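Structure at a glance
If you want the building blocks of each chain, they are given just below.
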Amino acid sequence: MRIATWNVNSLKVRMPRVEEWLDYAKPDVLCMQETKLADSQFPALAFSGLGYESVHHGSGQWNGVAILSRVGIDNPIYGFCQGVEADQDTRLVTATCGGVKVTSVYVPNGRALGDPHYDYKLSWLERLRAHLEHTADPSEHVLVCGDFNVAPEDRDVWDPKRFVGSTHVTEPERKAVASLLDWGLHDALRAKHQEDRLYTYWDYRAGDFHQHRGMRIDLVLLSESLLTRLEWVLIDRFARKGKLPSDHAPLLVDLAIEEAAAR
DNA sequence: ATGGTCGAGTATCGA
């Protein structure tokens, strides 16, 4: 079973690239972030024609998250579950796909230290942990993926010195992500790859992509039962190239689960 | 030269 996450940075602009990508990457499940669409604008019919059922949680203009699945999509939860303080934005959606509890997340950026948005980011990550505690058990097949807007370690940014005093690398942000791992999740890419210079995001500006000045801020987190079934992990840098790319690359995992059996 | 580009929407703000 192949599951991918991709911050598409406007699905309206990116739809041709997403369709092209589905055609060659052939994921069973694709989580998207920053669709920047209202639910009424989401092209569910187009995805249906490509064989994917979908759920979308968006309010238009900013944020917006989705899950596409060709292995079933059940029990959707839009935003944080009951019992967790509601989100002001549309930044996560959860559903069961082929026996895996999947959550697609777009963690707030934080903007700057001391900005109210930074506190919102930390609160949001705490609420994400509460959401998982309410809706899943770490002994199940649980996968949480998306744009975390946090680089877990210094080796996950192209030049740690340049990020001192910035968001994405601070101890509180990293501890908030580590708290998700403490609950029972594992960083899929780091389970397979220890090398430096593995990034999923490159700023559009200043030729950052060609200079490989990037950050690893998109993550796939797996519960133990999925970690033992993890076959490989890939960052598709090809999708960051060419005409009208997103500033993020897709991140894919292959899991040794029979889709039919899981369903 | 301490910026640089996108995408929202149509002046700037957010990333």
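Now for a look at the structure at hand.

A word on the side chain of Thr35
- Within the fold, Thr35 resides in the loop between β2 (29-33) and α2 (44-49).
- Non-local contacts of Thr35, meaning those with residues more than four positions away in its chain, are made with Val8, Ser10, Leu11, Lys12, His56, Asn63, Gly64, Val65 and Ala66.

Focus: the packing of helix α3 (residues 116-135) against helix α4 (residues 171-184)
- Where α3 contacts α4, the axes come no closer than 10 Å and their chain directions differ by 5°. Relative to α4, the element α3 is oriented roughly parallel. Where α3 approaches α4, its residues Tyr118, Lys121, Leu122, Leu125, Leu128, Arg129, Leu132 and Glu133 are matched on the opposing element by Pro172, Glu173, Ala176, Ser179, Leu180, Asp182 and Trp183.

Regarding the sheet that holds strand β8 (residues 142-147)
- Overall, mixed pairing links the six strands, which are arranged β5-β6-β7-β8-β12-β9 in an open sheet. Of all strands in the sheet, those bounded by a partner on one side alone are β5 (74-78) and β9 (185-187). Neighbour-to-neighbour, the strand axes of this sheet turn through a mean angle of 20°, independent of strand direction.
- With five bridges connecting them, β8 and strand β12 (residues 218-223) associate as antiparallel partners. Of the residues in β12, the one forming a bridge with Cys145 is Val220.
- This element, α3, spans β5, β6 (92-97), β7 (100-106), β8 and β9 of the sheet and lies at about 165° to β7.

Thoughts on the pattern of salt bridges
- For the structure on display, the rule yields 15 salt bridges.
- Notably, a salt bridge pairs Arg2 with Asp254, separated by 2.8 Å at the nearest N-O pair. Note that Arg2 is positioned in strand β1 (residues 2-7) and Asp254 in strand β14 (residues 251-255), a separation of 252 residues in sequence.
- A salt bridge links Arg91 to Asp89; its shortest N-O distance comes to 3.0 Å.
- The exposure class of Arg91 is buried, given its relative accessible area of 4%.

A short note on the protein's contact with DNA strand B
- In the vicinity of DNA strand B, the contacting residues are Asn9, Ser10, Val13, Arg14, Gln61, Tyr106, Asn109, Arg111, Tyr204, Arg205 and Ala206.
- Here Arg14 contributes a side-chain N or O atom positioned 3.2 Å from a phosphate oxygen of DNA strand B.
- In this structure, Arg111 approaches DNA strand B through a side-chain N or O atom, which is 2.7 Å from a phosphate oxygen.

Looking at the layout of surface pockets
- Estimated volume of the largest pocket: approximately 670 Å³.
- Here the lining of the largest pocket is composed, by residue class, of nine nonpolar, nine polar and 11 charged.

Notes on the sheet that holds β1
- Ordered in space as β3-β4-β2-β1-β14-β13, the six strands form an open sheet in which the pairing is mixed. With partners counted over all chains shown, the strands left at the sheet margins are β3 (53-57) and β13 (230-235), one partner each. For this sheet, the mean inter-axis angle between neighbouring strands, taken without regard to orientation, is 10°.
- As judged from the five bridges shared by β1 and β2, these two strands associate in the parallel manner.

Focus on the pairing of β8
- In terms of burial, β8 is a largely internal element, six of the six residues being buried.
- Inspection of the sheet shows β7 paired to β8 by six bridges, in the parallel sense. Following the sheet pairing, Val102 is matched in β8 by Leu143.
- A crossover connection joins β7 to the parallel β8 through α3; in handedness this β-α-β unit is right-handed.

Comments concerning the side chain of Thr200
- As for its placement among the helices and strands, Thr200 is situated in the loop between α5 (188-192) and β10 (201-202).
- Taking relative accessible area as the criterion, Thr200 reaches 0% and is therefore assigned buried.
- Within the structure, Thr200 has its side chain in polar contact with the backbone nitrogen of Ile217 (distance 3.3 Å).
- Every residue in contact with Thr200, bar those within four places of it in the chain, is listed here: Met215, Arg216, Ile217, Asp218, Ile235, Asp247, His248 and Ala249.

Side note on the nonpolar core
- Counting 34 residues, the largest nonpolar core has Val29, Ile67, Leu143, Val253 and Leu255 as its most contacted members.
- Within the second largest apolar cluster, 23 residues are counted, among which are Val84, Tyr120, Ala136 and Val144.

Calculation notes
- Residues numbered from 1 in each chain as written.
- Chains lettered and ligands numbered in written order.
- Predicted model: local features only at pLDDT ≥ 70, side-chain atom pairs only at ≥ 80, totals over all residues.
- Heavy atoms only, no water.
- Helix = DSSP H or I, 4+ residues; strand = E, 2+ residues; numbered from the N terminus.
- Contact = heavy atoms within 4.5 Å.
- Axes fitted to C-alpha atoms, helices over the stretch in contact; angles between N-to-C directions.
- Parallel < 35°, antiparallel > 145°, perpendicular 65-115°, else oblique.
- Pairing = 2+ DSSP bridges.
- Salt bridge = Lys/Arg side-chain N within 4 Å of Asp/Glu carboxyl O.
- Buried < 20%, exposed > 50% of the residue type's maximum accessible area, 1.4 Å probe, protein only.
- Near = heavy atom within 4 Å.
- Polar contact = N/O pair within 3.5 Å; in protein donor to acceptor, adjacent residues only side chain to side chain.
- 1 Å grid on protein atoms, 1.4 Å probe; cavity = no way out; pocket = protein on both sides within 12 Å on 5 of 7 lines; lining within 4 Å.
- Points joined across faces, edges and corners; volume = space filled by probe spheres on them.
- Nonpolar A, V, L, I, M, F, W, Y, C, P; charged D, E, K, R; others polar.
- Right-handed = clockwise from strand over helix to strand, strands pointing away.
- Core = buried A, V, L, I, M, F, W, Y, C linked by side-chain atoms within 4.5 Å.

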